[in-house]
Amino acid sequence: MLNNNLSDEQLALLASQGNDEAMALLVARVTPLAKAKAAGYGNLRIAQDDLIQEGMLGFLDAVRSFDADKGVPFKAYAATCINNRILSAIRESLNSKNIVLSNAVSLDDEDNGNKITGVSDPADIFSVNESVEFIRNLIEEELSDFEKDVIKRWLSKKSYSEIADELSCSGKAVDNAMQRIRKKLRSKV
């Protein structure tokens, strides 16, 4: 029986070596963190339970790749891995479910008609067109010009620093814009 007083770092090391008891203790400690991270992205079209599962997959990645020698606390490292995995799932959902705005429908094109590829069922085409139109309207009506520039670049998988370089602004300005965008989109979805 493991001592419950072991640090997160010690438990992560034991769990990465296959100790099931250490993994169970670590899961108990980190699950509330994954739930909290997932709750931060509420009102999206992804079920909360799915976001929590993605967060827990990020946690497992953290257990496998954690290096105590780098001096970063395990919980901080796990929080980053969890958040990144959730964001990745959200991006993927937007990319596949809505046939990527940046690939399927140009936000600048007025005549996008039936240019959606990869969908053959008329009901699916209608649903995708409706979703794309809904998101396009949200972007056009709710976001400032700067926020539109940021979201277009983010959807094409550019990092905050790449976006900042392209827009000649600071990474903090990009981060602030993304926070405003999330808040605006959450309030409408």
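So, a few notes on the structure that sits alongside this text. What you see is a predicted model; the values in this text were computed from it and never measured.

1. With respect to the nonpolar core
Core analysis: the largest hydrophobic core is formed by 24 residues, its most contacted members being L26, L51, F59, F74 and I86. Per-element accounting of this core gives the leading share, seven residues, to helix α4 (residues 74-97). Here F59 is in contact with M23, L26, V27, V30, F74 and I82, once residues within four sequence places are set aside. Counting residues in hydrophobic clusters, the runner-up holds 14 residues, among them I135, V150, L155 and I163.

2. As for unusual backbone geometry
The backbone phi angle of S168 is positive, close to 55 degrees, even though this residue is not glycine. Summarising the element assignment, S168 is placed in the loop between α8 (160-167) and α9 (171-188). Overall, S168 belongs to the exposed group, its relative accessible area being 67%.

3. Brief notes about the pattern of salt bridges
If you walk through the whole model with that rule in mind, you get 11 salt bridges. Notably, a salt bridge pairs E54 with R85, separated by 2.9 Å at the nearest N-O pair. Here E54, found in helix α3 (residues 48-65), pairs with R85, found in helix α4; they are 31 residues apart in sequence, far enough to count as distant. Overall, the relative accessible area of 29% leaves R85 in the partly exposed class.

What counts and how
- Residues numbered from 1 in each chain as written.
- Predicted model: local features only at pLDDT ≥ 70, side-chain atom pairs only at ≥ 80, totals over all residues.
- Heavy atoms only, no water.
- Core = buried A, V, L, I, M, F, W, Y, C linked by side-chain atoms within 4.5 Å.
- Buried < 20%, exposed > 50% of the residue type's maximum accessible area, 1.4 Å probe, protein only.
- Helix = DSSP H or I, 4+ residues; strand = E, 2+ residues; numbered from the N terminus.
- Contact = heavy atoms within 4.5 Å.
- Salt bridge = Lys/Arg side-chain N within 4 Å of Asp/Glu carboxyl O.

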